[in-house]
2 protein chains.
Amino acid sequence: MSEARIAEQLGFLAEIDALKSVVRQSPLADRSRRENSAEHSWHLAMFALVLSDDEAVDTAHVIKLLLVHDIVEIDAGDAPIHGNHDSQAVEARENAAAERLFGLLPDDQAATFAGLWREFEAAETPEARFAKTLDRLQPLLLNTLTDGGTWTENRVTEREVHERYGPTIERGSPALWRHAKALVRRHFADSGAQR
Amino acid sequence: MSEARIAEQLGFLAEIDALKSVVRQSPLADRSRRENSAEHSWHLAMFALVLSDDEAVDTAHVIKLLLVHDIVEIDAGDAPIHGNHDSQAVEARENAAAERLFGLLPDDQAATFAGLWREFEAAETPEARFAKTLDRLQPLLLNTLTDGGTWTENRVTEREVHERYGPTIERGSPALWRHAKALVRRHFADSGAQR
Ligand SMILES: [Ca+2]
């Protein structure tokens with residue numbers, strides 16, 4: 001490795017430290033604070049390592065997609081699932097973020113990392129679909145562990161949970177959606193919240 | 001996947017959410033707070049993805065080792081590099097933690113994950129050595145970005161930095177130690193801190 005290459009790589013790694021300061025809506029399981037996007041990305045990579053054992057996907061590739069998928073939020077911010085967004089504006093911000101942030105890397109790696117991010121966003125490969133499944137399943141699990149978490153805060157109904165989480169989770173893993181749906185059912189039954 | 005298997009897997013994934021609350025000594029690059037072990041693990045996985053391109057290691061395996069390497073801290077706590085530890089007591093606590101935490105997984109996965117953790121600790125495979133290199137390089141980088149970080153707090157000299165970081169970083173990557181040593185030199189030259 002040349003000195004110049006290492007310097008660019010460490011420059012990128014220093015810059016993405018900022019993902020630790022992007023705060024998401026989801027609570028931690030112990031409700032002490034909200035989750036940030038860096039620790040969320042670690043948690044998702046662990047979801048992939050644990051849950052992809054029976055799935056027909058390349059686990060290592062799913063993990064790479066998940067490690068990289070939120071880096072654009074450093075410039076573009078997190079777009080919460082329970083909220084209205086101008087999706088064109090979000091897309092434009094995220095594209096600019098990808099260009100600036102991955103552009104800090106040596107050219108060959110800039111292309112590779114931007115490619116991973118675009119693959120995740122497109123959700124067409126089996127690995128990207130499964131990564132999207134996990135990105136929806138993880139906050140669902142946190143909500144069921146915290147008396148409804150963001151659902152309670154935003155008065156989200158069981159039907160809306162099905163609409164907002166179901167298609168993405170089921171597309172990557174029918175088995176995980178079957179299980180998740182049962183957790184959701186139990187939460188709404190126990191809480192007496194609106195269905 | 002059977003329902004019972006998924007239930008065990010999600011139980012483990014809920015339990016390890018607690019790694020987000022294990023606080024390390026290292027500051028974030030923007031000095032807003034100290035780093036936690038979950039976001040540290042994400043950052044290290046990104047170091048592996050970026051820096052292993054020229055190294056003769058299986059990148060995906062390095063990433064798996066790094067994702068798992070700190071999970072025992074949920075029960076055993078973080079053992080800071082600049083401090084005195086009873087290493088036998090630390091080892092006993094970490095072994096008990098590994099047994100309890102990985103034991104939450106289905107048996108086959110419990111063995112796999114405990115194996116990844118032991119491989120990292122033993123630092124004998126090329127992947128484990130490189131993972132250890134990154135685990136030392138990342139806090140070194142954060143310290144150089146924050147006017148010395150934990151070195152300044154603990155009055156660590158340049159010579160002590162060489163002793164405490166050098167062998168582990170160099171063993172996994174002479175090129176990265178050469179680069180890191182130059183960053184350390186520049187920090188101590190600029191700060192006028194004791195060599
Ligand atoms: Ca996300």
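See the structure above.
Along each chain, residue indices are assigned from 1 in the same order as the chain's sequence is written. Labels follow written order: the first chain is A, the first ligand is 1, and so on. For this predicted model, a pLDDT threshold of at least 70 governs which residues receive local features, and a threshold of 80 or more governs which side-chain atom pairs are given and counted, while totals over whole chains, interfaces and linings are taken from all residues. Here the side-chain values reflect all heavy atoms present in the structure, with hydrogen atoms and water set aside.

Observations concerning the nonpolar core
Step number 1: Met-46 and Leu-134 of chain A together with Met-46 and Leu-134 of chain B are the most contacted members of the largest nonpolar core, which totals 118 residues.
Step number 2: Two residues form a contact once any of their heavy atoms are found within 4.5 Å. Not counting residues up to four positions away in its chain, the partners in contact with Leu-134 of chain A are Leu-44, Phe-47, Ala-48, Leu-51, Val-62, Leu-66, Pro-139 and Leu-176 of chain A. Buried Ala, Val, Leu, Ile, Met, Phe, Trp, Tyr and Cys residues form a nonpolar core when they are joined through side-chain atoms within 4.5 Å. Relative accessibility decides the category of a residue: with a 1.4 Å probe and only protein chains considered, values under 20% of the type maximum give buried, values over 50% give exposed, and everything between is partly exposed.

Here's the deal with the pairing of strand β1 (residues 23-27) of chain A
Residue and element names in this part refer to chain A.
Step number 1: The criterion for strand pairing is that DSSP finds at least two bridges linking the strands in question. In this text, helices come from DSSP runs of H or I with a minimum length of four residues, and strands from runs of E with a minimum of two, each type numbered from the N-terminal end. Two strands pair when backbone bridges link them, and β1 and strand β2 (residues 34-36) are joined in this way by two bridges, in the antiparallel orientation. Counted as the bridge partner of Pro-27 is Arg-34 from β2.
Step number 2: Connecting β1 to the antiparallel partner β2 that follows it, the hairpin turn spans six residues, and Arg-31 within it adopts a positive phi of roughly 60°.

A word on the packing of helix α6 (residues 107-122) of chain B against helix α7 (residues 126-145) of chain B
All names here are of chain B.
Step number 1: Working convention: axes come from line fits to C-alpha atoms, limited for helices to the stretch in contact. Angles between N-to-C directions cover 0 to 180 degrees. Between α6 and α7, the shortest axis-to-axis distance is 8 Å and the interhelical angle comes to 70°. Taken together, the axes of α6 and α7 are roughly perpendicular relative to one another. Seen from α6, the contacting residues are Glu-119, Phe-120 and Glu-121; seen from α7, they are Glu-127, Ala-128, Ala-131, Lys-132 and Asp-135.
Step number 2: Three classes are used, and their members are as follows: Ala, Val, Leu, Ile, Met, Phe, Trp, Tyr, Cys and Pro are nonpolar, Asp, Glu, Lys and Arg are charged, and the others, Gly among them, are polar. Grouping the constituent residues of the contact of α6 with α7 by class yields three nonpolar, no polar and five charged. Should an angle fall under 35 degrees it is taken as roughly parallel, and over 145 as roughly antiparallel, whereas 65 to 115 is taken as roughly perpendicular and any remaining angle as oblique.

Structural notes on the relation of the copies chain B and chain A
Step number 1: What sets the superposition is a least-squares fit of C-alpha atoms, and only residues with pLDDT of at least 70 in both copies go into it. With an RMSD of 0.0 Å, the operation that places chain B on chain A is a rotation of 180° combined with a shift of 0.0 Å along the axis. Between the two chains, the operation in question is that of a two-fold axis.
Step number 2: Looking at chain B, 100% of its interface residues are interface residues in chain A too, so the copies touch through the same face.

Concerning the packing of aromatic side chains
Step number 1: Two aromatic rings from Phe, Tyr or Trp, using only the six-membered ring of Trp, form a pair when their centres are within 6.5 Å; if the ring planes differ by under 30 degrees the pair is stacked, by over 60 it is edge-to-face, and anything between is tilted. Under the criterion given, the structure shown has ten aromatic pairs over all chains.
Step number 2: With a centroid separation of 6.4 Å and 45° between ring planes, the pair formed by Phe-102 of chain B and Phe-113 of chain B is classed as tilted. You can see Phe-102 of chain B sitting in helix α5 (residues 87-102) and its partner Phe-113 of chain B sitting in helix α6, a full eleven residues away along the chain. As far as burial versus exposure is concerned, Phe-102 of chain B and Phe-113 of chain B are alike and both buried.
Step number 3: The interplanar angle of 25° and the centroid separation of 5.9 Å between the aromatic rings of Trp-151 of chain B and Phe-188 of chain B together place this pair among those described as stacked. Pair noted here: Trp-151 of chain B is in helix α8 (residues 149-153) and Phe-188 of chain B is in helix α10 (residues 174-191), with a separation of 37 residues, a long-range link.
Step number 4: The class for Trp-151 of chain B is buried, based on a relative accessible area of 1%.
Step number 5: Residue Phe-188 of chain B is classed as buried on the basis of its relative accessible area, which comes to 3%.
Step number 6: Through a chain of ring-to-ring contacts, three or more aromatic side chains come together here, namely Phe-12, Phe-102 and Phe-113 of chain A.

Brief notes about the interface of chain B and chain A
Step number 1: Contacts between the two partners involve 56 residues from chain B and, on the opposite side, 56 residues from chain A.
Step number 2: Summing the contributions of chain B and of chain A, the shared interface buries around 4,600 Å²; its carbon and sulfur component is 70%.
Step number 3: Only one rule defines a salt bridge in this text: a Lys or Arg side-chain nitrogen within 4 Å of an Asp or Glu carboxyl oxygen. Between the two partners, chain B and chain A, sit four salt bridges.
Step number 4: One salt bridge in this structure joins Lys-20 of chain B and Glu-35 of chain A, with 2.8 Å as the shortest N-O distance.
Step number 5: Distance and chemistry together define a polar contact, namely a pair of N or O atoms within 3.5 Å, with one atom able to donate a hydrogen and the other to accept it when in protein, and with adjacent residues in sequence counting only for side-chain atoms on both sides. Taken together, chain B and chain A are joined by 28 residue pairs in polar contact (both at pLDDT 80 or more).
Step number 6: Those elements giving two or more residues to the side of chain B that touches chain A turn out to be α1 (3-15), β2 (34-36), α2 (37-51), α3 (59-68), α6, α7 and α10 of chain B.
Step number 7: Tallying contributions element by element places α2 of chain B first for the side of chain B that touches chain A, with eleven residues. Two parts placed together each lose some accessible area under a 1.4 Å probe, and the buried area is that loss summed for both.

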